[in-house]
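Structural overview for review
So the chains spell out like this:
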Amino acid sequence: MSDASRADGDARPVGSDNRQAPKNFITGIIDADIASGKWGLWRADEIKPGGGQKPGAPKVCTRFPPEPNGYLHIGHAKSICLNYGLAAAYGGRFNLRFDDTNPAKEEAEYVESIKRDVKWLGGDYDGPLGGGVLFASNYFGRMYEFAQDLIRKGKAYVCDLSAEQVAQCRGIPQKPGRDSPYRTRSADESLDLLARMKAGEFPNGSRTLRAKIDMTSPNLNLRDPVLYRILHEEHHNTGGEWCIYPMYDWAHGFEDSIEGITHSICTLEFENHRPLYDWFIDAVNEGRSALRADASTHVGSASRPTRIHHPQQIEFARLNLNYTVLSKRKLIDLVQGGHVTGWDDPRMPTISGYRRRGYTPEAIRAFCDDVGVTRVNSVIDVGRLENAVRDDLNRRAPRRMGVLNPLKVVIENYPQGQAEHLPAVNNPEDPSAGTRPVPFSRELYIEREDFMEDPPKKYFRLAPGREVRLRSAYFITCTGIVKDADGNITELRCTYDPATRGGDSPDGRKVKATLHWVSAGHALDAKVHLLDRLFTTEEPGKRTGNYLDDLNPSSLSVARARVEPSLGAPAPDEPEWPDGIRRFQFERLGYFAIDPGGPAATSGGRSEAGLVFNRTATLRDTWAREAARA
RNA sequence: AGGGGAUUGGUGUAACGGUAGCACGACUGACUCUGGAUCAGUUAGUCUAGGUUCAAAUCCUAGAUCCCCUGCCA
């Protein structure tokens with residue numbers, strides 16, 4: 001669906017770049033539907049002005065239907081990419097619809113965060129392919145009419161049983177349930193009671209409206225499911241208008257029906273619900289006249305309305321990641337328990353967390369394409385996500401130098417008080433990125449780990465008497481070590497070879513290592529958040545039953561770094577990132593993004609702390625692997 | 001008296017009766033002013049047992065294992 005290799009960095013949404021959606025079993029179903037003409041063709045009057053659908057092309061409509069009761073996470077990203085990507089690949093329509101049927105748990109704040117995250121990811125819900133932002137609550141009136149219709153048809157009844165009694169009557173999978181004593185209540189009485197439930201005459205939990213299906217069905221969802229419950233609760237959209245709210249199962253299929261969704265894509269656990277959704281639509285359609293081909297002019301009549309649209313539900317396996325928790329409950333616990341700083345903590349697997357950490361939407365889309373879409377429960381190695389962001393940033397992120405753990409180096413033969421600016425390549429993957437001047441002087445900092453007094457054989461970096469290259473600068477040779485009273489190395493004395501200016505030796509002599517560095521007098525102070533995985537085990541909680549036991553105590557450590565001065569303000573040749581987040585590769589260290597702060601950030605905001613970076617990902621480090629093996 | 005799904009290298013995913021392929025990882029090597037990147041190569045798989053067929057990952061039978069379903073959550 002997306003082209004993660006796009007280098008121009010513009011903000012085109014997923015899939016609008018004419019690439020085919022990755023093939024999977026869902027595209028197979030859609031292709032077959034198109035071949036059979038199942039969903040018909042776009043009519044001109046169905047396409048909004050400027051819409052991306054073509055009249056006469058086969059109709060494909062998808063949607064992303066989140067409940068606004070939390071922030072979106074990487075699992076939702078898979079669904080967004082899938083649904084938007086399908087609409088894009090087939091010239092269809094994509095709706096963002098909030099499933100806001102439970103005001104007790106939903107908040108407007110979440111609506112805003114979800115819109116932002118979907119858009120950032122490329123789900124362009126109000127662009128050419130988008131059907132806009134929609135709400136289930138906008139359909140409450142029609143759903144209520146459908147409920148009345150079922151009551152009149154003898155297919156639903158108001159039940160006075162308590163929640164416990166309903167559960168009791170439902171039975172267990174191996175045993176049939178029992179009918180509610182209210183199952184035979186007259187339609188007129190149910191209609192009256194439902195109206196009074198809606199008006200708020202009864203307390204929460206006192207009655208429900210239930211479908212009259214089959215209390216002996218092996219599918220528990222068909223044992224007279226609850227359609228409406230009484231909830232005296234203010235709704236973010238409808239206010240106090242309703243004292244009853246539809247259950248998800250009752251509402252969801254109608255939401256898709258009303259919006260003309262053709263392919264209603266959801267996760268595997270809803271497969272058992274599909275017969276119920278089909279039953280609801282069929283129950284409404286019973287006795288109605290068929291849609292005609294010229295449906296635009298066919299409105300039916302009051303006594304015999306036309307049938308409602310019957311979407312096709314398709315289930316796929318949700319995303320699972322190792323070293324990660326994705327259940328909404330656990331994410332809420334992490335936030336409310338103070339184990340992270342908020343929903344957008346850069347260690348969180350939320351879209352806003354990844355954004356703040358420096359991940360790009362292109363990388364997340366590439367990852368979603370990469371893992372594919374199937375009906376098989378699987379666990380994806382989180383390393384693949386990390387690789388996706390490395391892969392994207394390697395091509396696009398400008399290189400800079402920063403020293404996380406500084407060790408002072410004095411170049412003894414470099415004139416005191418002198419400084420020069422050496423050109424450094426901005427991106428070896430992209431020659432057009434040019435160069436930038438980097439100041440060099442007598443006193444420098446290098447990474448403490450880049451020096452060893454007594455190095456093992458495979459250690460290539462600086463050591464007494466050894467010559468290495470300073471990236472884009474000079475060859476230097478270590479001539480002395482300065483230690484404090486405790487024997488800690490506090491400073492290195494080196495000499496440089498003026499003939500190697502720029503990093504090349506005219507005599508062809510080789511060095512085995514190139515080090516990053518900064519000029520002590522020119523470098524900027526920066527705070528760097530070194531972020532690591534939030535959990536130390538592949539399946540958090542597997543061992544003890546409590547996932548919090550597997551929290552990684554060192555998921556966040558803070559480094560006081562020294563970085564090159566070009567980082568202070570956006571350089572003119574710095575790439576423009578559509579989301580405004582400045583991302584870099586610190587040479588030999590990894591990818592880092594300037595922390596944009598966030599509503600939940602209590603520390604780490606730029607204003608109070610100066611320059612703050614979040615480490616997006618480390619570079620692959622074969623030396624670390626080698627060292628660990630020894 | 002249960003019902004619904006799923007099973008291909010370490011991981012993920014193709015192959016829809018006709019050469020088991022791709023990606024990631026791992027391992028070798030080359031190259032390199034990032035121990036990065038890149039390039040070349042190696043590695044390793046059809047849940048089990050029967051059956052149908054010239055031919056089975058694919059069809060049939062039996063079994064195994066895993067996931068989902070007993071909210072007035074979604």
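This write-up is about the structure you can find in this document. In this text, all values refer to a predicted model and were calculated from it rather than measured experimentally. All residue numbers refer to positions counted from 1 along the written sequence of the respective chain. As a convention, the first chain written is A and the first ligand written is 1, with the rest following in written order. Totals for whole chains, interfaces and linings use all residues, but because this is a predicted model, local features are given only for residues with pLDDT of at least 70 and pairs of side-chain atoms are given and counted only at 80 or more. Values reported for side chains reflect all heavy atoms of the structure, with hydrogen atoms and water molecules removed beforehand.

In a beta sheet, neighbouring strands pair by backbone hydrogen bonds and run either parallel or antiparallel. In this scheme, strands are said to pair when DSSP sees at least two bridges between them. Starting at the N terminus, helices and strands are each numbered in turn, a helix being any DSSP run of H or I of at least four residues and a strand any DSSP run of E of at least two. Spatially, S4-S5-S6-S7 is the arrangement adopted by the four strands of the open sheet, whose pairing is antiparallel. On the outer flanks of this sheet lie strand S4 (156-159) and strand S7 (244-246), each paired with one strand and no other. The mean inter-strand angle of the sheet, taken between neighbouring strand axes irrespective of direction, is 20 degrees. Two strands pair when backbone bridges link them, and strand S5 (residues 208-211) and strand S6 (residues 226-230) are joined in this way by three bridges, in the antiparallel orientation. Bridge pairing links Leu-209 to Tyr-228 in S6. Whether two residues are in contact is decided by their heavy atoms: any pair within 4.5 Å suffices. The convention used is that axes are lines fitted to C-alpha atoms, helices contributing only their stretch in contact, and that angles between N-to-C directions extend from 0 to 180 degrees. This element, helix H6 (residues 187-199), spans S4, S5, S6 and S7 of the sheet and lies at about 60 degrees to S4.

Of all residues adjacent to RNA strand B, which total 66 residues, the nearest are Arg-399, Arg-469, Gly-502, Gln-585 and Arg-625. Each residue is tested against the molecule or strand, and it is near if at least one of its non-hydrogen atoms lies within 4 Å. The share of sugar and phosphate among atoms of RNA strand B within 4 Å of the protein is 61%. Within 3.5 Å is the distance limit for a polar contact, defined as a pair of N or O atoms, with the added protein rule that one can donate a hydrogen and the other accept it, and that residues adjacent in sequence qualify only through two side-chain atoms. Residue Gln-174 places a main-chain N or O atom 3.0 Å away from a sugar or linking oxygen belonging to RNA strand B. A distance of 2.5 Å separates a phosphate oxygen of RNA strand B from a polar atom in the side chain of Arg-625. Within the residue set of the surface near RNA strand B, elements represented by two or more residues are helix H5 (163-170), S6, helix H11 (361-371), helix H12 (382-396) and helix H14 (622-629). The element best represented in the surface near RNA strand B is H14, accounting for four residues.

What counts as a salt bridge is simple: a side-chain nitrogen of Lys or Arg found within 4 Å of a carboxyl oxygen of Asp or Glu. Tallied over the full model, the rule gives 52 salt bridges. A salt bridge links Lys-115 to Glu-112, with the shortest nitrogen-to-oxygen separation between them at 3.7 Å. In this pair, Lys-115 and Glu-112 are both assigned in helix H3 (residues 108-121), three residues apart and thus about one turn of the helix distant. Whether a residue is buried, partly exposed or exposed follows from its accessible area with a 1.4 Å probe, protein chains only, as a fraction of its type maximum: under 20%, in between, or over 50%, in that order. A residue is classified by how much of its surface remains accessible, and Lys-115, at 23% relative accessible area, is partly exposed. Across the salt bridge formed by Arg-375 and Glu-271, the nearest N and O atoms sit 2.8 Å from each other. Of this pair, Arg-375 sits in the loop between H11 and H12 while Glu-271 sits in the loop between strand S8 (263-267) and helix H8 (274-285), and the two are 104 residues apart along the sequence. Judged by relative accessible area, Arg-375 falls into the partly exposed class, the value being 38%. The exposure class of Glu-271 is partly exposed, given its relative accessible area of 30%. One continuous salt-bridge network, built from bridges that share partners, spans Arg-63, Arg-97, Glu-255, Asp-256 and Glu-259.

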